[in-house]
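Descriptive structure summary
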Amino acid sequence: MNGFKMIYQITLKGNKATKNLAINLLRIADPNHIASGELGDVGIGETFGFPFVTIENIVVLGDNQLGVLNDNNYPFSVGRHIGTGLPDDNEFIILKGFW
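To keep things clear, this report deals only with the structure shown in the data block.

**Considerations on the side chain of Lys5**
- Mapping Lys5 onto the fold places it in the segment before strand S1 (6–13).
- An unpaired buried charge is present at Lys5: no salt bridge exists, and Glu56, the closest side chain of opposite charge, is 9.7 Å distant.
- Those residues within four positions of Lys5 in sequence are excluded, and the remaining contacts are Ile23, Asn24, Leu25, Leu26, Phe50, Phe52, Val53, Thr54 and Ile55.

**Observations regarding the layout of surface pockets**
- By volume, the largest pocket is sized at about 260 Å³.
- Lining the largest pocket are Ile28, Ala29, Asp30, Pro31, Asn32, Ile34, Ala35, Phe48, Ile93, Ile94 and Leu95.
- Of all elements in the fold, only strand S3 (28–29) and strand S7 (91–96) reach the threshold of two or more residues within the lining of the largest pocket.
- For the lining of the largest pocket, the element with the most residues is S7, which contributes 3 residues.
- Residue composition of the lining of the largest pocket, by class: 9 nonpolar, 1 polar and 1 charged.

What counts, and where the lines are drawn
Residues numbered from 1 in each chain as written. Predicted model: local features only at pLDDT ≥ 70, side-chain atom pairs only at ≥ 80, totals over all residues. Heavy atoms only, no water. Helix = DSSP H or I, 4+ residues; strand = E, 2+ residues; numbered from the N terminus. Buried < 20%, exposed > 50% of the residue type's maximum accessible area, 1.4 Å probe, protein only. Lys, Arg positive; Asp, Glu negative; His and termini not counted. Salt bridge = Lys/Arg side-chain N within 4 Å of Asp/Glu carboxyl O. Contact = heavy atoms within 4.5 Å. 1 Å grid on protein atoms, 1.4 Å probe; cavity = no way out; pocket = protein on both sides within 12 Å on 5 of 7 lines; lining within 4 Å. Points joined across faces, edges and corners; volume = space filled by probe spheres on them. Nonpolar A, V, L, I, M, F, W, Y, C, P; charged D, E, K, R; others polar.

Here you go:
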């Protein structure tokens, strides 16, 4: 899966800011293989991806835990179901322990 879909952690200290990559949303490790889905779906398999054009929300859920949400902009969003003629579903994922 090609593209650029990153979440960065920004730390402000005095008048300085540092930027660190928190997660690449196109290459999310899935060691428990919970991201099974329809054959042909983008971002499903050993490495999970969140391939949507827009990420609508990022919510801090706790220490080292984020919620990331997309809205499919029905019927025009096609990120996961490319080539099927189906619009994408809304998805909400929880990312834990990545920074």
